[in-house]
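Commentary on secondary and tertiary structure
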Amino acid sequence: MGRGIVTLLGPVEIRELAGRLGLRPTKKLGQNFVIDGGTVRRIVRTAGLDGDDVVIEVGPGLGSLTLALLPEAARVIAVEIDPVLAAQLPRTAADRAPELAGRLDVVPADALRVTAAELPGSPPTALVANLPYNVAVPVVLHLLAELPSLRKGLVMVQSEVADRLAAPPGSRVYGVPSVKAAWYADVRRAGPVGRTVFWPVPNVDSGLVALTRREPPATTASRAEVFAVIDAAFAQRRKTLRAALAGWAGTAAAAEEALRRAGVDPSSRGERLAVTDFARVAEHRPLHG
Ligand code: SAM
């Protein structure tokens, strides 16, 4: 892949561009823009792209990360919900990376709903994004489900969310995001990021999360059936699985029977179970109704 010349956006350029667009960053859309070139380069380096990768970037914003991705990927598909930012991005790329701007496709859409069919060209192989923090987990889960072509990912999220996504069974913050992400991928924390690399400065620190796609657990239950058990188990986190899954199974006695047949202790709690255990429990759901 040709590298081309890219001039990254610095703090002055970000503020100037935002001023020119009359942009008032909103909390609702998680609009905190990275103003630090070192962080942008670190994200791209940690993503481990090869020149053939087609990257999907969610929430390119003013383009800080997009510009650094262009030299490292075959194409970048940037999905941005804010129409003003989506309209500006191709111009920014043409200004600052003229030789590489042809690699960029901007899709003005909500990443929570975007479908594979809406994305131009060959399907994305890597997700690299500084995610809008309020929807980070649902965006990651939606894209992993919707885009089987995604092999890897490197996302920046709120530090607590990074912990939750990468938590192993039994840890204090293990929960629905951890188990569902583990259905699709090996997930690990890939380093902390301080809040001062953003404008405006958010009131939380951030973290990088690396995802590597793997085969889902071998099970006769569907993903929806397994996810239904996960949701039920954590809806009442403090309860034993026997009690938490009573609604799912019909009665507490039926839940106990299903758990026993799946080889899971009915008096344990969801936070102890790996995704493979949830899959086995789903296979033993009693017929009721
Ligand atoms: N990537 C840029 C950077 O690092 O400076 C901006 C990151 S900012 C944390 C999040 C971006 O996601 C904003 O540009 C916001 O408009 C966009 N966004 C928020 N919700 C979105 C959604 N549901 N789908 C797509 N983009 C979204």
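All values derive from a computational prediction rather than experimental measurement.

**Re the overall build of the protein**
For the protein, the count of helices and strands is 12 helices and 9 strands. Relative to the globule expectation of 19 Å for 289 residues, the C-alpha radius of gyration of the protein, 21 Å, shows essentially globular dimensions. Seen through its C-alpha atoms, the protein measures out along the principal axes to roughly 65 × 40 × 30 Å. Looking at the 289 residues of the protein, the share that counts as buried comes to 44%. Intrachain contacts of the protein at a sequence separation of at least 6 include 66% that bridge at least 24 residues.

**Digging into the site of the ligand**
Near the ligand there are 23 residues, and of these Gly 59, Gly 61, Ala 111, Asn 130 and Pro 132 occur at the shortest range. Where the shell around the ligand is concerned, the elements lending two or more residues are strand S1 (33-34), helix H3 (64-69) and strand S3 (75-80). Of the residues that constitute the shell around the ligand, the class distribution is 13 nonpolar, 7 polar and 3 charged.

**Some points on the nonpolar core**
Judged by nonpolar contacts, the single largest core of 92 residues is most densely connected at Val 55, Val 209 and Val 229. Mapped onto the domain boundaries, this core takes at least three residues apiece from domain 1 (11-213) and domain 2 (223-283). Each residue touching Val 229, except ones within four places of it in the same chain, is listed here: Leu 245, Trp 248, Phe 278, Val 281 and Ala 282.

**Here we look at helix H4 (residues 83-96)**
Its 14 residues give H4 an end-to-end C-alpha distance of 20 Å, which sits within 8% of 20 Å, the value for a rise of 1.5 Å per residue. Of all the bends in H4, the largest measures some 30 degrees and sits at Leu 89, one to four residues before the proline Pro 90. Here H4 has its buried residues at Leu 85, Gln 88, Leu 89, Thr 92 and Ala 93.

**As for the domain arrangement of the protein**
Entries for the protein in the domain assignment read domain 1 (11-213) and domain 2 (223-283). Every contact between the two is made by 9 residues of domain 1 and, on the other side, 11 residues of domain 2. Across the side of domain 1 that touches domain 2, the residue classes break down as 6 nonpolar, 2 polar and 1 charged.

**A closer look at the UniProt feature "binding site: S-adenosyl-L-methionine" (unreviewed entry) in the protein**
Within the UniProt annotation, "binding site: S-adenosyl-L-methionine" (unreviewed entry) is assigned to Asn 32, Val 34, Gly 59, Glu 80, Asp 110 and Asn 130. Structurally, Val 34 can be placed in strand S1. Non-local contacts of Val 34, meaning those with residues more than four positions away in its chain, are made with Thr 39, Val 40, Ser 64, Leu 65, Asn 130, Val 197 and Phe 198. Mapped onto the elements, Asp 110 comes out in the loop between strand S4 (104-108) and strand S5 (126-130). Using a count of 13 C-beta atoms within 10 Å as the deciding quantity, one classes Asp 110 as partly exposed.

**Notes on the sheet that holds S3**
Reading across from one edge, S4-S3-S2-S5-S6-S9-S7 is the order of the 7 strands in this open sheet, with mixed pairing throughout. Every other strand in the sheet has two partners, leaving S4 and strand S7 (185-193) as the edge strands with one partner each. The sheet shows a mean angle of 20 degrees between the axes of neighbouring strands, taken without regard to direction. Summarising the sheet, strand S2 (residues 54-58) and S5 pair through 2 bridges and their orientation is parallel. Bridge pairing links Val 55 to Ala 126 in S5. Lying on the sheet, helix H2 (residues 37-47) is in contact with S5, strand S6 (152-158), S7 and strand S9 (206-213); it crosses S6 at an angle near 145 degrees.

**Side note on the pairing of S5**
With 5 of its 5 residues buried, S5 lies for the most part within the structure. Here S5 shows a buried face lined by Ala 126, Val 128 and Asn 130 and a second buried face lined by Leu 127 and Ala 129. Of the pairings in the sheet, the one linking S5 to S6 comprises 5 bridges and is parallel in character. Residue pairing for S6: Ala 129 is matched across the bridge by Val 155.

Conventions adopted
Residues numbered from 1 in each chain as written. Predicted model: local features only at pLDDT ≥ 70, side-chain atom pairs only at ≥ 80, totals over all residues. Helix = DSSP H or I, 4+ residues; strand = E, 2+ residues; numbered from the N terminus. Rg over C-alpha atoms; globule rule 2.2 N^0.38 Å. Buried ≥ 20, exposed ≤ 12 C-beta atoms within 10 Å, placed from the backbone. Contact = placed C-beta atoms within 7 Å. Near = placed C-beta within 6 Å. Nonpolar A, V, L, I, M, F, W, Y, C, P; charged D, E, K, R; others polar. Core = buried A, V, L, I, M, F, W, Y, C linked by C-beta atoms within 7 Å. Domains from an automatic or database assignment. Expected span 1.5 Å × (residues − 1). Bend = angle between axes of the 7 residues up to and from the residue. UniProt positions renumbered as here; feature names shortened; annotations may be inferred. Pairing = 2+ DSSP bridges. Axes fitted to C-alpha atoms, helices over the stretch in contact; angles between N-to-C directions.

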